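Here are the chains, one letter per residue:
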Amino acid sequence: MPRNPDIKSVLIIGSGPIVIGQACEFDYSGTQASRSLREEGIEVTLINSNPATIMTDPVTADHIYLLPLTVESLIKILEERKIDAVLPTMGGQTALNLCIEAAEQGVWEKYNVKLIGVDLAAIELTENRERFRKLMIDIGMNVAPSYIANSYLEGMEAAQKIGFPLVIRPSYTLGGTGGGLVYEEGDFSEALKIGLNASPTHEVLVEKAVLGWKEFELELLRDANDNVIIICTVENLDPMGIHTGDSITVAPAMTLSDTAYQKMRNNAIKMMRSLGNFCGGCNVQFAQNPETEELIAIEINPRVSRSSALASKATGYPIAKIAAKLAIGYTLDELQNQITKNTSAFFEPTLDYVIVKMPRWNFEKFQGADHLLGLQMKSVGEVMAIGRSFAEALQKACQSQENNRSGLGADFKEWIRTEDIMERLVKASDDRIYRLKDAVRLGIPEKTIKKLTGIDQWFIKEIKQLCNLEEELIRYNLPEDIPYNLFKALKQSGYSDAQIAWLLRVKEEEVTKARYNLGLRRVYKQVDTCAAEFEAQTAYFYSTFDEENESIPSDKPKIIVLGSGPNRIGQGIEFDYCCVHGLLAIKEAGYSAIMVNCNPETVSTDFDIADKLYFEPIFWEHLIEIIELEKPEGVILQLGGQTALKLAEKLHKHGIKIIGTSFANMDMAEDRKRFSDLLKQLDIPYPKYGAATDADEALDIANEVSYPVLVRPSYVLGGQRMKIVINDTELEQAVLAIFKHMPDNKVLIDQFLERAKEAEIDAIYDGDELCIMGIMEHIEPAGIHSGDSSAMLPTYSLSEQVLDAMKKYAYQLAVALDIRGLINIQFAIKDEKVYVIEANPRASRTTPFIAKAYGVPFLNIATKVMLGTHKLKDFEIKPHLEGFAIKEPVFSFNKFPKVDKRLGPEMKSTGEAIRFIKDLKDPYFREIEKSAAMFLYQ
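Quick notes on the rules
Throughout this description, residue numbers start from 1 for each chain and increase along the sequence as written. For this predicted model, a pLDDT threshold of at least 70 governs which residues receive local features, and a threshold of 80 or more governs which side-chain atom pairs are given and counted, while totals over whole chains, interfaces and linings are taken from all residues. Side-chain numbers come from the whole structure's heavy atoms, not from hydrogens or water. We call a set of buried residues a nonpolar core when its members are Ala, Val, Leu, Ile, Met, Phe, Trp, Tyr or Cys and they connect through side-chain atoms within 4.5 Å of each other. Whether a residue is buried, partly exposed or exposed follows from its accessible area with a 1.4 Å probe, protein chains only, as a fraction of its type maximum: under 20%, in between, or over 50%, in that order. Working rule for contacts: check all heavy atoms of both residues, and any pair within 4.5 Å makes them a contact. Two strands pair if DSSP finds at least two bridges between them. Numbering goes from the N terminus for both helices and strands, where a helix is a DSSP run of H or I of at least four residues and a strand is a run of E of at least two. Structural elements are reduced to axes, namely lines fitted to C-alpha atoms, with helices fitted over the stretch in contact, and the angle between N-to-C directions of any two is expressed from 0 to 180 degrees. Site definitions follow a grid-based scheme: protein atoms alone, a 1 Å grid, a 1.4 Å probe that fits but cannot get out for cavities, and for pockets an open set with protein on both sides within 12 Å along at least five of seven lines, plus lining residues having an atom within 4 Å of a point. Grid points are joined across faces, edges and corners, and a volume is the space filled by probe spheres set on the points. For this classification, the nonpolar set comprises Ala, Val, Leu, Ile, Met, Phe, Trp, Tyr, Cys and Pro, the charged set comprises Asp, Glu, Lys and Arg, and every other residue, Gly included, is treated as polar. By convention in this document, the label disulfide applies to cysteine sulfur atom pairs within 2.5 Å. Arc definition: it is the arc formed by the directions from the helix axis to the C-beta atoms. By the definition adopted for this analysis, an angle is roughly parallel if under 35 degrees, roughly antiparallel if over 145, roughly perpendicular if from 65 to 115, and oblique otherwise. Only Phe, Tyr and Trp rings are paired, with Trp represented by its six-membered ring, and only when their centres lie within 6.5 Å; those with planes under 30 degrees apart are stacked, over 60 edge-to-face, the remainder tilted. We call a charge positioned over a ring when the NZ of a Lys or the CZ of an Arg lies within 6 Å of the ring centre and within 35 degrees of the ring normal.

**Student:** So what's going on with the nonpolar core? Residues and values would help.
**Tutor:** Among the nonpolar cores identified, the biggest contains 172 residues, and Ile12, Leu87, Tyr317, Leu637 and Ile764 are the most heavily contacted of them. With sequence-adjacent residues up to four places away left out, Ile764 is seen in contact with Glu769, Leu770, Cys771, Met773, Gly821, Leu822, Phe858, Ile861, Ala862, Val865 and Leu872.

See below:
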């Protein structure tokens, strides 16, 4: 059936700011859907309030509305544009809830807008816990015994009927918000109150807990002819009781019998068909009794889900892209397989590899937070790794985490106290997989580990095989003594050279040299959706240790872009936006663009954004072998945040060209002492400072600088472990805490300028000219991290004298640091005197915000300047902004009820929104200004 000719224009609703439970996977889905619809000649209008995403960039849609996600904003768009249909399934729960609200107010009917991709009845059915339960029973599906409660009394009655342990699931919430697992009656009352308050309809499902059952997810697609295909089956390594967003997941499913899989597949299709006749994507979750293989339905999401991005990257099947085409009338057999280019989309992908998704947590940012994992999602991001075996993929996932791990254990972070390890196995936290490895290493029986964790014994046996390899390895003293077959087995099991070096107590370089001498190097395999049954046309690769290399370098000049790894606080989706624009600019400049990243939620890791994609950890050993294979002209680090920048020194030492600003100048900006010496040389004011290597030295510096002082480690991101202290006792505590967690780091002590204003400049320098992209004034006073402060563009209270000084200092620094490309400079202003706080020779969190506010493709310009193919004079830069743009931080404190919510020099926000106002009389600005003033008195 050809596409519906009546649909000529579509409105896509985005997901808003990044929050825990709804992150940039929806940016990926919305971007894919928009590109898919535009391929069909459909005019796409997009609404979203998130300035950090590629989704809200002019390259994505015909019309972008950076507006709050409200019914009023929808009406504004419908008044201005002729919209034929709305696609609400690409923006997570936020978009669905807004769609329902607009429907209840008669908006879609009034403007004659058709709902595509899902129907309202299906949304209501799946979000209303009681209706969902009854539907499942009606179609013959098993569900856990449960009762709906709309009040405290009803909840207590339900608990009495079910008994403990039990689960509380609020209706219409995101990422398990308000949900909980209650083991004892004494904890139920408080958990029930939290759940009822979290639900917008004041409704919870009180359900029997199926603890120890396995959890599985299936991603489905369905077309107008009622054809349904299963794209991916994902198995949670952790059992029921831990939110799937906080669980390590594996695809394909490792422990399902064939009969159990077929039953699960048939039930998933039955469940999807029971929701009505909508066309598009769907996510179904099951629990399975590990002893009897009995299945129960957990939930169904009739939309692109958090797992859809993962399933797309895992299989190579572009779920959101195909779902968008199904929504406008196409059937699966009419669409092309985007990977092979010569088969249809009506097929189920086959994997000849294993993928492992590992969540990334940021508990260190939430002091007082409960690290215990449960039904409320707490992770802020995730990584995905691909290997030929589960062990290889798991170790690569650990290497991707950006938490100083070289793999699964076999490093200096292993635990040895049996009591502590056993406790961690029972109380699941962010490090449970590492503690499981410790338990196996110490000889705790597999059955005991299974009983304590509920993790299937197959996974435990796989980890035991790693321990067996380690025991065999330590029989040898030197890397060159390791037999070829053992060395190959270690590498095929995902061991990094750093892990092997740790086990042998030698240097990593010695292991690498011995490995190279044996001819053990990575080869690269293609992700092709069909296990090599058909020839693939896309350059999407992962590494392994095998015989045949499928990644053949081209003769075209190449540039590698390093991504930013997993999302976390301080380094989020804004750097993916930068990477995407960088890749597009590289291709426009005539180079082949190569992307290296490990984040499945991002647009930069879509298979057709770069000329070649390596889905690999941002980890030195992996990167150097890609560089040795591809032989690029150079590597761009400026777009991947601090993750990419941390590799600058190694690249420099190996003689690999860094595109843009040199390592020496990057390091000068990062090294506080050398940078302050530069400021002194340039006669640029800066706060008094000192760098200490122990607590005594820190005390001497603080007393010389005078309290209050700002204490922080060097070379960190997002203000990690920064504190403002006012006396020797507080200083000593802060310094010792830094050295405990970062023993090799220097501690920086800066004079804190009380009651100062803070501002920042983002700029591009080409060696001759400086283009100031924007000057932002923070509404909160200095002392609040820039990522947690609302910022105004342009400035609203700084004098011309101050602005002139900031511009002058920015130019001086760009020249002195010999910047090529981007620089972000932060200032403090006190009594009309401008101080430079720091300079970052890379893209910043605010770069996308400025580009969106002014409507200028600054990242495209900056990348071409880095490459040296263009000068600033080659571009016609015309910023346009009526009134002011405000960047407002968004927090996820609701996930951590007991956390310290006070803001300070360490960043805590998970996302941001943009708001436009005409003048300073706007009530929105007045409210922010009023609340910001309160920080002066806290």
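Additional details are given in the paragraphs that follow.
**Student:** Could you give an account of the sheet that holds strand E4 (residues 85-87), naming the residues involved and the relevant values?
**Tutor:** Ordered in space as E3-E2-E1-E4-E5, the 5 strands form an open sheet in which the pairing is parallel. Edge positions in the sheet fall to strand E3 (63-65) and strand E5 (114-115), since each of these pairs with one other strand and no more. The pairing of strand E2 (residues 43-47) with E3 spans 3 bridges and is parallel. Counted as the bridge partner of Thr45 is His63 from E3. Contacts between helix H2 (residues 71-80) and the sheet are confined to strand E1 (9-13), E2 and E3, with E2 contributing the most and set at about 155 degrees to the helix.

**Student:** Tell me about helix H29 (residues 847-854), residues and numbers included.
**Tutor:** Most of H29 sits inside the fold, with 8 of its 8 residues counted as buried. Looking only at H29, the buried set comprises Thr847, Pro848, Phe849, Ile850, Ala851, Lys852, Ala853 and Tyr854.

**Student:** Quick rundown of the layout of surface pockets? Include the residues and the values.
**Tutor:** In this model, the second largest pocket occupies a volume close to 1,400 Å³. Taken together, 45 residues form the lining of the second largest pocket, with Leu181, Tyr183, Leu372, Leu373 and Gly374 sitting closest to its centre. Taken together, the elements giving at least two residues each to the lining of the second largest pocket come down to strand E8 (180-182), helix H8 (188-198) and helix H15 (446-453). Ranked by residue count, the leading element in the lining of the second largest pocket is H8, at 5 residues. Here the lining of the second largest pocket is built from residues that sort into 21 nonpolar, 13 polar and 11 charged.

**Student:** Describe the sheet that holds strand E23 (residues 658-659), with residues and values.
**Tutor:** Taken in spatial order, the 7 strands make up an open sheet running E17-E18-E21-E20-E19-E22-E23, and their pairing is mixed. Bordering the open sheet on either side are strand E17 (523-526) and E23, each of which pairs with just one other strand. One ladder, built from 3 bridges, connects strand E19 (residues 558-562) with strand E22 (residues 634-636); its direction is parallel. Residue pairing for E22: Ile560 is matched across the bridge by Val635.

**Student:** Lay out the state of the cysteines with the relevant residues and their values.
**Tutor:** Under the criterion given, the structure shown has 0 disulfides. Cysteine Cys578 is unpaired, with the sulfur of Cys579 as its nearest cysteine sulfur at 6.9 Å. The thiol of Cys771 is not disulfide-bonded; the next cysteine sulfur, from Cys578, is found 15 Å away.

**Student:** An account of H8 is requested, with residue identities and associated values reported.
**Tutor:** Listed as buried for H8 are Phe188, Ala191, Leu192, Gly195 and Leu196. For H8, the buried positions fall inside an angular range of 130 degrees around the axis, keeping them on one side. Residues of H8 that are buried in the fold lie against strand E6 (146-149), helix H7 (152-162), strand E7 (166-170), E8 and strand E9 (204-208).

**Student:** Before we move on, could you go through the packing of helix H12 (residues 390-399) against helix H16 (residues 457-473) and cite the residues and values that matter?
**Tutor:** For the pair H12 and H16, the least separation of the axes is 10 Å and the interaxial angle reads 80 degrees. Between H12 and H16, the angle is such that the two are roughly perpendicular. Every residue of H16 that contacts H12 at Phe390, Ala391, Leu394 and Gln395 is listed here: Trp458, Phe459, Glu462, Ile463 and Leu466. Among the residues making up the contact of H12 with H16, the classes are represented as 7 nonpolar, 1 polar and 1 charged.

**Student:** Outline the pairing of strand E10 (residues 214-222), listing residues and values.
**Tutor:** The element E10 is extensively covered by neighbouring structure, given that 9 of its 9 residues are classed as buried. Burial along E10 is two-sided: the face carrying Lys214, Phe216, Leu218, Leu220 and Arg222 and the face carrying Glu215, Glu217, Glu219 and Leu221 are both buried. Where E10 meets strand E13 (residues 280-288), 9 bridges bridge the pair, whose relative direction is antiparallel. Note that in E13 the partner of Leu218 across the bridge is Val284.

**Student:** Account for the packing of aromatic side chains, with residues named and values stated.
**Tutor:** A full pass over the atoms with the stated rule returns 17 aromatic pairs. Taken together, a centroid distance of 5.9 Å and an interplanar angle of 75 degrees make the contact between Phe164 and Phe188 edge-to-face. In this pair, Phe164 sits in the loop between H7 and E7 while Phe188 sits in helix H8, placing the two residues 24 residues apart along the sequence. Judged by relative accessible area, which is 30%, Phe164 ranks as partly exposed. Ring centres of Tyr540 and Phe615 lie 6.2 Å apart, and the angle between their planes is 45 degrees; on these two criteria the pair is classed as tilted. A residue pair is termed long-range when its members are at least 10 positions apart, and Tyr540 in strand E18 (residues 540-544) and Phe615 in strand E21 (residues 612-615) qualify at 75 residues. Classification of Tyr540 as buried rests on a relative accessible area of 1%. An aromatic cluster is defined as three or more aromatic residues linked by ring pairs; in this entry it consists of Phe363, Phe366, Phe891, Phe893 and Phe896. The ring of Tyr28 is capped by Lys313, whose NZ or CZ atom sits 4.1 Å from the centre of that ring. Here Arg521 stacks its cationic end above the ring of Tyr516, 3.6 Å away from the centre of that ring.

These figures capture arrangement, not role.
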